[in-house]
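# Descriptive structure summary
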Amino acid sequence: MPESYEIAVFEGDGIGPEVMAPTLEMLEMLSTASADYRLTFTTLPAGAGHYARTGSALPEASVEAARAADAILLSAMGHPEIRYPDGTEIVPQIDLRLALDLFAGVRPVRIAPGSPTPLVLPADKSVDFVLVRESTEGLFHSRGTGEVTEDDARETLRITRQTTERLVRFAVRLARHRKEQGIGSGQVTCIDKANVFKAFAFFRSIFDKEMALAPELIASHAYVDAAALWMVQKPWMFDVMVTENMFGDILSDLGAGLMGGLGMAPSADIGLEHAVFQPCHGSAPDIAGIGIANPFAMILSAAMMLDWIGAERKVPAMQSDAARLQAAVDAVVGERRQLTSDLGGTASTTEAANAVADHLRSET
Ligand code: ATP
């Protein structure tokens, strides 16, 4: 009997359940066909809708079940009209990152052939880099505790040695892996604002120290404003970028824009023991309930999950299924058929997801 892996599923709010359902069907199809692994799924309650019904956005039992699972798949949570009494939005995904200590936010930016990018790329250039965003501190450190008076508002940024060290080590491992696979050049770029803020000079000094231990890689630096410019003007120069939480939050949406929008951008939040995989987009209440959401970011996030479990548990079949899933999305996008409206097509969520599933089936 093949080894079975338990996936904790948060289908969330808005378009969350719409993009999650076909993704789970595809994972089920892959795992049922595999002789090497099985997946089981447990759907857990959380989110803005759950808060409105019960007064709890992320029940402790859901966190514990997620902690016990082999990986966590999350679609999107939150709703602009459902808020805590202090007016802030319900973002259990951030609470989950903190609860499970998921310090490395992995945001791949890959422009596959035929992708609806707004960039005009030179024929000899391709874009495939990964932004590693610190996800537990930085400017998000003071979330919910900022001080606001009539005339003055303060939020505090926090950078710690311990988190920065393990973040840079994560980026180093990723850059090595990409270089070994022939995807990356082995360059890690520190994105900061070390010319203005002491906290970022501290971040950079830790980056430099860690990179000195990896002489086979290339260490480089960019100020965040210049990095934003270069992501548009010459994005092929990047391989692995590592940065603070807020800078990463902003740059990852810029990255999503480069590859055709939020509907195409997958992500992972990874710690030493746990990992959450979710699309970069939110619950998109403006298009929820009408079946037109792009499911590709969710499907690509599921592919990242398969790859991560496969690497952690040494199951090469899961890693090759991850590659197949990504290639199937690339093929559907490249052929420009069955695309949802955000990519200029007219397909429904189900039609777009079915095209990916059909592509997978046609290979076997
Ligand atoms: P959050 O703060 O929760 O990340 P957000 O404010 O960034 O959310 P989203 O919910 O991601 O907002 O939506 C931003 C825009 O992108 C909306 O117009 C939405 O319709 C669109 N969008 C997001 N995800 C998708 C998707 N999967 N398919 C099509 N359009 C999407």
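Everything in this summary refers to the structure shown in the same document. In this text, all values refer to a predicted model and were calculated from it rather than measured experimentally.

## Re the site of the ligand
- Near the ligand the following residues occur: Ile15, Leu262, Gly263, His281, Gly282, Ser283, Ala284, Asp286, Ile287, Ala293, Asn294 and Asp342.
- Contacts to the ligand include Ser283, whose backbone N or O atom sits 3.4 Å from an oxygen atom.
- Protein contact buries 61% of the 620 Å² of open area that the ligand shows by itself.
- In terms of residue class, the shell around the ligand is made up of five nonpolar, five polar and two charged.

## Side note on the pairing of strand E8 (residues 187-192)
- Among the six residues in E8, six count as buried, and that is most of the element.
- The alternating pattern of E8 places Gln187, Thr189 and Ile191 and Val188, Cys190 and Asp192 on opposite faces, both of which are buried.
- Bridge count for E8 against strand E9 (residues 218-223) is six bridges, and the pairing is parallel. Bridge pairing in E9 places Cys190 opposite His221.

## Examining the environment of Val168
- With respect to the secondary-structure elements, Val168 resides in helix H5 (residues 161-180).
- When the C-alpha atoms of Val168 and Glu134 are compared, they prove to be 9.4 Å apart, with 34 residues separating the residues in sequence.
- If we skip the residues at most four places from it in the chain, Val168 touches Phe207, Glu210 and Met211.

## As for helix H1 (residues 16-33)
- In this model, H1 (18 residues) spans 26 Å end to end at C-alpha, consistent with the 26 Å of a helix rising 1.5 Å per residue.
- Turning to H1, its buried residues are Gly16, Val19, Met20, Pro22, Thr23, Leu24, Met26, Leu27, Leu30 and Ser31.
- Against the buried residues of H1 lie strand E1 (3-10), strand E2 (37-43), strand E3 (71-74), helix H9 (296-312), helix H10 (316-335) and helix H11 (349-363).

## As for unusual backbone geometry
- Even without a glycine there, the phi angle at Ala284 is positive, about 40°.
- Following the sequence through the fold, Ala284 ends up in the loop between strand E12 (275-277) and H9.
- Unusually for a residue other than glycine, Arg336 sits at a positive phi of about 55°.
- For Arg336, a relative accessible area of 43% puts it in the partly exposed group.

## A word on the pattern of salt bridges
- Counting across every chain of the model gives 21 salt bridges.
- Two residues, Glu89 and Arg83, come together in a salt bridge whose shortest N-O distance is 3.4 Å.
- Residue class for Glu89 comes out partly exposed when judged on its relative accessible area of 35%.
- Here Arg97 ties to Asp269 by a salt bridge, and the two come within 3.3 Å at their closest N and O atoms. Of this pair, Arg97 sits in helix H4 (residues 92-99) while Asp269 sits in strand E11 (residues 268-270), and the two are 172 residues apart along the sequence.
- By relative accessible area, which is 9% here, Arg97 ends up buried.
- Residue class for Asp269 comes out buried when judged on its relative accessible area of 1%.
- Connected through salt bridges with shared partners, the residues Arg97, Arg107 and Asp269 form a single ionic network.

## Observations concerning the packing of H5 against helix H6 (residues 198-211)
- With their axes 9 Å apart at the nearest point, H5 and H6 run at an angle of 45° to one another. Between H5 and H6, the angle falls in the class oblique. The chirality of how H5 crosses H6 is right-handed. Note on element contacts: H6 touches H5 through Phe202, Phe203, Ile206, Phe207, Lys209, Glu210 and Met211, opposite Arg161, Thr164, Glu165, Leu167, Val168, Arg169 and Val172.
- Grouping the constituent residues of the contact of H5 with H6 by class yields eight nonpolar, one polar and five charged.

## What to know about the nonpolar core
- Grouped together as the largest cluster of nonpolar side chains are 70 residues, with contacts concentrated most on Leu73, Phe296 and Leu325.
- Examining the composition of this core, we find that eleven residues originate from one element, H9, more than from any other.
- The residue makeup of this core includes at least three contributed by each of domain 1 (1-108 + 262-364) and domain 2 (117-259).
- Dropping the residues within four chain positions of it, Leu73 is found in contact with Ile7, Ala8, Val9, Phe10, Met20, Leu24, Leu27, Phe277, Met298, Ala302 and Met305.
- Membership of the second largest hydrophobic core comes to 21 residues, among which are Met231, Phe238, Met241 and Leu251.

## Quick word on the side chain of Ser75
- With respect to the element layout, Ser75 can be found in the loop between E3 and H4.
- Overall, Ser75 belongs to the buried group, its relative accessible area being 0%.
- Once residues within four sequence positions are removed from consideration, Ser75 is found in contact with Phe10, Glu11, Gly12, Gly16, Pro17, Val19, Met20, Gln278, Pro279, His281 and Met298.

Rules behind the numbers
Residues numbered from 1 in each chain as written. Predicted model: local features only at pLDDT ≥ 70, side-chain atom pairs only at ≥ 80, totals over all residues. Heavy atoms only, no water. Near = heavy atom within 4 Å. Polar contact = N/O pair within 3.5 Å; in protein donor to acceptor, adjacent residues only side chain to side chain. Areas by Shrake-Rupley, 256 points an atom, 1.4 Å probe, with all protein chains shown as cover. Nonpolar A, V, L, I, M, F, W, Y, C, P; charged D, E, K, R; others polar. Buried < 20%, exposed > 50% of the residue type's maximum accessible area, 1.4 Å probe, protein only. Helix = DSSP H or I, 4+ residues; strand = E, 2+ residues; numbered from the N terminus. Pairing = 2+ DSSP bridges. Contact = heavy atoms within 4.5 Å. Expected span 1.5 Å × (residues − 1). Salt bridge = Lys/Arg side-chain N within 4 Å of Asp/Glu carboxyl O. Axes fitted to C-alpha atoms, helices over the stretch in contact; angles between N-to-C directions. Parallel < 35°, antiparallel > 145°, perpendicular 65-115°, else oblique. Left-handed = near helix turned anticlockwise from the far one by under 90°. Core = buried A, V, L, I, M, F, W, Y, C linked by side-chain atoms within 4.5 Å. Domains from an automatic or database assignment.

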